[in-house]
Amino acid sequence: MAIVAKLREHFRKKPNRPQRPDADGVTYRPLRPLDERIEGWRVVIEDGRQRAMYDRVAASIDRSAYAALQEKYRSEIEAADELAVTKYLDLAPWFMIHSRLARILNIDTRPKCSILDIGAGGGQFLTIAKTYGHDVLAFDRPDPAVYGDLLALSGIPRIEGGVMLGEPLPDSIGRFDLIMINGQVFDVFPKSGGKRWTVAEWASFLEYLTATHMEYPATLFVGLNKSAGPTGVEDFLWPLVDLAEQHGATVERKRATMHYDLAEPLEFEEVSKQPWLTLGKA
Ligand SMILES: C[S@@+](CC[C@H](N)C(=O)[O-])C[C@H]1O[C@@H](n2cnc3c(N)ncnc32)[C@H](O)[C@@H]1O
């Protein structure tokens, strides 16, 4: 039996056993009371500004609307929590992760700005930004439903769609002071067995994105996801991180994140590439 099917069977039989930690070591408990989870995760935050952001976003959540969401997803969680995107319902660890990013990006102190989150998921980063008065917009696929429900819980608008190689983003998205792309997976070609964008394809996308959807001065944050490349080995696309560093981005090597403060659109002249809108065309 495939490993995934074995795990599913294992948890289906014993829904009350402790849940499997995610690959990042977090054990998600989306059915526990929100305040218990918020208190539990708060203790791991050492930075005072990050903790203040965490506290503010935690206080912003409508408790009864949240409890209703837990009920909506209860049977799905009990059936297959260890594999499901319902882990995003467990807000506390995500508020911890995203309040760290919000601290890096000075979400608490920067003047009111417009923020786009591409592949926003449940919108925890935008929820924090919204509590500081920023104008926020999510861009993501319509499924799974739990993302839309979490965005609705925080009153965050979403434009539905996806980043596709060589395709423009919808015009209606507009231009932003800050674009967040974290833990993204759009660089993995669908049905390709894990084949993912090259550095050249990323460079084309970032040139297009910064020329078409940013207002200057601007901030762009990209946090990679590990994905199985052509060799089947899970790793970050390190040459992209190296390229970002050469172009002035602050990078965090532990997490493969790139933080650009930009005065103008990115240009990666040393990278041999095609313009974004010509990619993938015959
Ligand atoms: C691992 S989750 C990360 C969610 C969120 N950014 C975070 O940091 O918690 C990956 C996200 O990418 C989105 N996604 C998948 N394919 C996409 C595409 N082609 N374009 C944009 N987003 C996509 C998923 O719907 C999901 O929201």
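Data block above holds the structure.
A few points on the structure. Small disclaimer: the values here were computed from a predicted structure and weren't measured.

About the thresholds
- Residues numbered from 1 in each chain as written.
- Predicted model: local features only at pLDDT ≥ 70, side-chain atom pairs only at ≥ 80, totals over all residues.
- Heavy atoms only, no water.
- Salt bridge = Lys/Arg side-chain N within 4 Å of Asp/Glu carboxyl O.
- Helix = DSSP H or I, 4+ residues; strand = E, 2+ residues; numbered from the N terminus.
- Buried < 20%, exposed > 50% of the residue type's maximum accessible area, 1.4 Å probe, protein only.
- Pairing = 2+ DSSP bridges.
- Core = buried A, V, L, I, M, F, W, Y, C linked by side-chain atoms within 4.5 Å.
- Contact = heavy atoms within 4.5 Å.
- Near = heavy atom within 4 Å.
- Polar contact = N/O pair within 3.5 Å; in protein donor to acceptor, adjacent residues only side chain to side chain.
- Areas by Shrake-Rupley, 256 points an atom, 1.4 Å probe, with all protein chains shown as cover.

**Details of the pattern of salt bridges**
Logical step 1: Tallied over the full model, the rule gives 16 salt bridges.
Logical step 2: Between Asp108 and Arg49 there is a salt bridge, with its nearest N and O atoms 2.8 Å apart. Taken as a pair, Asp108 in the loop between helix H5 (91-104) and strand E1 (114-118) and Arg49 in helix H3 (residues 48-60) lie far apart in primary sequence, 59 residues in all.
Logical step 3: Residue class for Asp108 comes out partly exposed when judged on its relative accessible area of 21%.
Logical step 4: For the salt bridge of Glu252 with Arg255, the shortest nitrogen-to-oxygen distance reads 3.0 Å.
Logical step 5: One connected set of salt bridges, linked through shared partners, spans Glu71, Arg74 and Glu78.

**A word on the pairing of strand E4 (residues 176-182)**
Logical step 1: Judged by how many residues are buried, E4 sits mostly within the fold: five of seven residues are covered.
Logical step 2: As paired strands, E1 and E4 are joined by three bridges and run parallel to one another. Across the sheet, residue Asp117 finds its bridge partner in E4, namely Met180.
Logical step 3: For E4 and strand E5 (residues 214-223), the ladder comprises six bridges, and the chain directions are parallel. Considered in E5, the bridge of Asn182 is made with Gly223.

**A closer look at the nonpolar core**
Logical step 1: Tyr54, Leu91, Ile107, Ile115, Phe125, Leu126 and Leu150 are the most contacted members of the largest nonpolar core, which totals 45 residues.
Logical step 2: Breaking this core down by element, the ones donating at least two residues are helix H2 (34-42), H3, helix H4 (63-80), H5, helix H6 (124-131), strand E2 (135-140), helix H7 (145-153) and E4.
Logical step 3: For this core, the element with the highest residue contribution is H5, accounting for seven residues.
Logical step 4: Apart from the residues within four sequence positions on either side, Tyr54 is in contact with Arg37, Ile38, Trp41, Arg42, Ile45, Ala92, Phe95, Met96 and Ser99.
Logical step 5: Ranked by size, the runner-up nonpolar core spans 43 residues in total, among them Phe176, Phe186, Leu224 and Leu240.

**Here's the deal with the site of the ligand**
Logical step 1: Around the ligand, 15 residues are found, and the nearest of them are Gly119, Gly121, Asp140, Val163 and Asn182.
Logical step 2: Contact between the ligand and Gly119: a nitrogen atom at 2.7 Å from a main-chain N or O atom of the residue.
Logical step 3: Arg141 has a polar side-chain atom sitting 3.3 Å from a nitrogen atom of the ligand.
Logical step 4: Burial of the ligand by the protein amounts to 89% of the accessible area it has alone, namely 600 Å².

Worth remembering: the numbers are spatial, not functional.
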